[in-house]
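Overview (structure and organization)
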Amino acid sequence: MADLHQDSANSGADFDLSQFYQIFFEEASENLDQMEQMLLSLDLSAANDEELNGIFRCAHSIKGGAATFGFSDVTELTHRMEGLLDRLRRHEITPIPEMVDVLLESADASRSLLARHQAGGEGEPLSTADLVVRIETLAQGLTAVPAVEAAPPPVAPRPAEPVAQAPAAAPVAAPASAGPVGSEPPAGARVLHIQIGPLERPEMADAIKDLFRDIPGLGSIEDLPASQPKSRLFLVKTVSTDEDLLDLFAFHVAKEQVQIQAAVPLAPAQVEVAVAEAAPPHEPEAVQAVAPAFAEEVYGFFDGAPGAPEVPGSKAPVAAAARSAAPKAAQAHMESTSIRVDVKKVDQLINLVGELVITQAMLAQNSRDLDPSVCQQLLAGLADLDRNTRDLQESVMSIRMIPMSTVFSRFPRMLRDLAGKLGKKIDLITLGEATELDKGLVEKITDPLTHLVRNSLDHGIEMPQDRLAAGKSEHGTLTLAASHQGGSIVIEVRDDGRGMNREKILSKARERGMDVSDSMPDSEVWQLIFAPGFSTADVVTDVSGRGVGMDVVKRNITSLGGSVEIESTAGVGMRVSVRLPLTLAIMDGMSVGVGEEVYILPLSSVVESFQVNPDDVNTVANGTQLVKVRDEYMPVIALERMFNVPRTDESQSSNIMVVIESDGSRVALLVDELLGQHQVVVKNLESNYRKVPNVSGATILGDGSVALILDTGAMVRRARH
């Protein structure tokens, strides 16, 4: 099986689960609300499978999250609820009103327990022993739920009472369970004690019971109290051999953790001793019946996790005390610090803020000619409006920003499965997970990143034996990194594999009839892999080799106003860098004038501006113009010629240069004048008109005219190549 490791900063004891607490509490609260609504609307006389499955999923989700964070009391209660609901949805028992009552009470108790954990564990914990007993009784198909009361004071024994009380000890010796699972085996079946463990998560052994439930003729299985911590003990009746059972169990637990022994019946005296040792002396018998099973299950991944009981069962209060404390605990409620809003409403809000920005720009432009001495208050109000509009815009835009961890979290499972299929060993490292990106971009960047990761794993990382032969570690390293650079976000996919084969790419390109030459620089050769249908794979598999994927990556990223760069070194590895704008809605820009036209440059791309004399511009081969700026020659782009701007005044000329930077390269734009800096609302030009080269969008200026927003990345690439 492939080995997959996370960055050491994100694993082990250094991993801080508390950062996810609030998300869990909010999701658990929603699941509890949904469960309550579904229970209240449940028709007991005609309950359909979809309703029961929905309620089961709610309990299962809460249990899984609570187990992850170590809230053992919540996990234990929802585990019992899940058991009852599982029997209901399998139609093993008939739903009755008492079941709805106990599930609603359990949901209230779960809410109180979660509220206590959310508050840092303040206050006395609510006892759920009574609820657990009632759930288990109903799960066994019994309608009479025994009341759990405080132990009566000792009285003088009477001769006849021991005989009558003897059956009461039986529930104590057996664990609280829903009874045997599976089908009754044929005559001559073996009776076995199967112990599984120790396990880091003992609940993993519960999957064994599903085998007996789902495989006809395998036999029956029943829980027994385990004597060893973090282990499970089962009573199994089956005709299968030990080898067959081990092969089946291997799908869920390691064979080394399974011990199979023939069941040896205990003598009556031994039963009494086991019962006496299993149950603390001053607890109700029904509570004692549940305690051993509860003691076996240790939920949570980390020691000292909140919610873990100090000594399970040793401090369980009697039911009477629990009932008296229940009203107080029920008053606790979980606090919600966030709300869920439809994305359409957020987009509408952003559009309205964009219109507000345009209106504010119009007011600012029309107020330039006002006399400050006469309109002092008006100008002061407009200045406040400008400041508040900017603050409002930043606050609204932050609503759509979500961390890159949302994207990165999808890859560990995919890498694990893919590495196992390919027989490779991968170490995954994630950097910059807190870097934020617009939600719309996050949704659209996931598929391109998936293609890049799959390509890196399949084509880049070598097989373990090949890596060892090359003097590398048998574990390949795949790094996902995100960082802010100016007004853009850069996402990198790096690996330490074999890198790309230049000769092989050129050979494949020639086979496809592409115009290539051996003198092409590496940067252009690497770009060939983005051609539709291009693939260097010798064998087509279900992972890659069909030539679809990388062209989709380039097309999708370009449509988002981004760019893709590749760096590769044979035998060392490859790096793919994806550069994207932070947001697509509102941006800071610098407006420049050329003739009667106004163009917008993204302020994040502007480095500097200066006046230039015509003699400072040199013309080289092919008519390319260069200007020297502090010992560095830069290509010159005249916007007048690029966009064929007409001149009404022939005497006017461009003598101002604006230096822009993109992808690590700089060019100088030749313009007539600098008009100022301001916020602009980006409008999609392609959806309203058509795709225009070197233009990324349009905006409405303060005077109502339309200005084009220049694609600085495309302009730099055009000048450099």
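Residues numbered from 1 in each chain as written. Predicted model: local features only at pLDDT ≥ 70, side-chain atom pairs only at ≥ 80, totals over all residues. Heavy atoms only, no water.

**Quick look at the overall build of the protein chain**
Note the cut-off: A run of DSSP states H or I qualifies as a helix once it reaches four residues; a run of E qualifies as a strand once it reaches two. Both are numbered from the N-terminal end. Remark: exposure states derive from per-residue accessible area (1.4 Å probe, protein chains only) relative to the maximum for the residue type, with buried under 20%, exposed over 50%, and partly exposed in between. Note on contacts: a residue pair qualifies if any of its non-hydrogen atoms lie within 4.5 Å across the two residues. Where accessible areas are quoted, they stem from the Shrake-Rupley method and a 1.4 Å probe; at the residue level, only the protein chains shown are allowed to cover.
Secondary structure summary: the protein chain contains 24 helices and 24 strands in total. When each of the 721 residues of the protein chain is scored for burial, the buried share is 43%. Partitioning the intrachain contacts of the protein chain with sequence separation of at least 6 by distance along the chain shows that 71% fall at a separation of at least 24. For the protein chain, the accessible surface area stands at approximately 37400 Å², while carbon and sulfur atoms represent 53% of it.

**So, the pattern of salt bridges**
Here is the rule we go by: For this analysis, a salt bridge means a side-chain nitrogen from Lys or Arg found within 4 Å of a carboxyl oxygen belonging to Asp or Glu.
In this structure the tally under the stated criterion is 25 salt bridges. When the shortest N-O distance is used, the salt bridge between Asp242 and Arg190 registers 2.9 Å. Here Arg190 lies in strand S3 (residues 190-196) and Asp242 lies in helix H9 (residues 242-249), a separation of 52 residues in the sequence. The class of Arg190 is partly exposed, set by a relative accessible area of 32%. Shared partners join several salt bridges into a network, and the residues in it are Glu462, Arg467, Lys472 and Asp496.

**A look at the packing of helix H1 (residues 21-40) against helix H2 (residues 49-69)**
Keep this limit in mind: For every element, the axis is a line fit to its C-alpha atoms; helices are fit only across the contacting stretch, and the angle between N-to-C directions ranges from 0 to 180 degrees. An angle below 35 degrees is treated as roughly parallel, one above 145 as roughly antiparallel, one from 65 to 115 as roughly perpendicular, and anything else as oblique. Should the near helix be turned counterclockwise from the far one by less than a right angle, the crossing is left-handed, whereas a clockwise turn marks it as right-handed. Residue classes follow a fixed rule: Ala, Val, Leu, Ile, Met, Phe, Trp, Tyr, Cys and Pro count as nonpolar, while Asp, Glu, Lys and Arg count as charged, and any other residue, Gly among them, counts as polar.
Contact geometry for H1 and H2: axes closest at 9 Å, N-to-C directions at 155°. One element, H1, and the other, H2, form an angle in the roughly antiparallel class. Of the two possible hands of crossing, H1 and H2 adopt the one that is left-handed. Across the interface between the two elements, Tyr21, Phe24, Ala28, Asn31, Leu32, Gln34, Met35, Met38 and Leu39 of H1 pack against Glu51, Gly54, Ile55, Cys58, Ala59, Ser61, Ile62, Gly65, Ala66 and Phe69 of H2. In the contact of H1 with H2, the residues fall into 13 nonpolar, 5 polar and 1 charged.

**Let's talk about the side chain of Thr712**
For the record, the criterion: Under this definition, polar contacts are N or O atom pairs within 3.5 Å; protein pairs additionally need one hydrogen-donor-capable and one acceptor-capable atom, and for neighbouring residues in sequence, both atoms have to be side-chain atoms.
Mapped onto the fold, Thr712 is located in helix H24 (residues 712-720). For Thr712, the side chain forms a polar contact with the side chain of Ser605, separated by 3.1 Å. When neighbours within four sequence positions are excluded, Thr712 is seen to be in contact with Leu601, Pro602, Ser605, Ile660 and Ser662.

**Here we look at unusual backbone geometry**
Peptide bonds are trans in most cases, and residues, glycine excluded, mostly fall at negative phi. Backbone geometry at His91 places phi at a positive 60°, although glycine is not the residue there. By the element assignment, His91 lies in the loop between helix H3 (72-89) and helix H4 (97-118). The exposure class of His91 is exposed, given its relative accessible area of 51%. With a phi close to 50°, Asn644 is a non-glycine residue in the positive phi region.

**Quick look at helix H13 (residues 343-366)**
Defined as follows: Working rule for helices: expected span equals 1.5 Å times residues minus one.
Under the 1.5 Å per step criterion, the end-to-end length of H13 is 35 Å for 24 residues, consistent within 8% with the ideal 34 Å. Taken as a whole, H13 has its buried residues at Val346, Ile350, Val353, Gly354, Val357, Ile358 and Gln360.

**Description of the packing of aromatic side chains**
Where we set the bar: Centre distance within 6.5 Å is the pairing criterion for rings of Phe, Tyr and Trp, where only the six-membered ring of Trp is used; planes under 30 degrees apart are then read as stacked, over 60 as edge-to-face, and the remainder as tilted. Throughout this description, the term charge over a ring refers to an Arg CZ or Lys NZ atom that lies within 6 Å of the ring centre and within 35 degrees of the ring normal.
In the structure shown here, the tally under the stated rule is 6 aromatic pairs. Taken together, the ring pairs in this structure connect Phe24, Phe25, Phe69 and Phe71 into an aromatic cluster. Sitting over the ring of Phe56, Arg89 keeps its end group 3.7 Å from the ring centre.

**Here's the deal with the nonpolar core**
For the record, the criterion: Nonpolar cores were defined as sets of buried Ala, Val, Leu, Ile, Met, Phe, Trp, Tyr and Cys residues, with membership established by side-chain atoms within 4.5 Å.
In terms of nonpolar packing, the biggest core is built from 48 residues, with Ile491 and Leu580 touching the most fellow members. In terms of residues, this core owes the most to one element, helix H17 (residues 439-460), which gives 7 residues. If sequence neighbours within four positions are ignored, Leu580 has contacts with Leu437, Ile445, Ser488, Ile489, Ile491, Ile557, Leu560 and Gly562. Counting residues in hydrophobic clusters, the runner-up holds 41 residues, among them Leu39, Phe56, Ala59 and Met99.

**Examining the confidence of the model for the protein chain**
Put simply, the test is: Per-residue confidence from the predictor is reported as pLDDT, a score between 0 and 100.
Averaged over every residue, the pLDDT of the protein chain is 76; residues scoring 70 or more account for 77%. Across the protein chain, helix H18 (residues 464-469) holds the top mean pLDDT of 92, while helix H7 (residues 170-173) sits lowest at 36. Of the regions scoring below 50 in pLDDT, residues 1-15 engages in 32 contacts with residues more than four places distant in sequence or in other chains.

**Side note on the pairing of strand S4 (residues 220-224)**
The condition that has to hold: At least two bridges found by DSSP between two strands are what make those strands a pair.
Buried residues dominate S4, accounting for 4 of its 5 residues. Note that S4 and strand S5 (residues 232-238) share 5 bridges and pair antiparallel. Across the sheet, the residue bridging to Asp223 is Phe234, located in S5.

**Observations concerning the sheet that holds strand S18 (residues 625-629)**
The mixed open sheet is built from 6 strands, whose spatial order is S16-S20-S21-S19-S18-S17. Edge positions in the sheet fall to strand S16 (606-611) and strand S17 (617-619), since each of these pairs with one other strand and no more. The mean inter-strand angle of the sheet, taken between neighbouring strand axes irrespective of direction, is 35°. Of the pairings in the sheet, the one linking S16 to strand S20 (residues 656-662) comprises 5 bridges and is antiparallel in character. Each residue of the ladder has a partner; that of Gln611, found in S20, is Ile656.

**Structural notes on the packing of H3 against helix H5 (residues 129-139)**
Two numbers describe how H3 lies on H5: the axes approach to 9 Å, and their chain directions differ by 15°. As far as their axial angle goes, H5 and H3 are roughly parallel. Our pair here, H3 against H5, has a crossing hand that is left-handed. Counting all contacts with H3, which are made through Leu77, Arg80, Met81, Leu84 and Arg87, the residues of H5 involved are Leu131, Val132, Ile135, Glu136, Leu138 and Ala139. Residue composition of the contact of H3 with H5, by class: 8 nonpolar, no polar and 3 charged.

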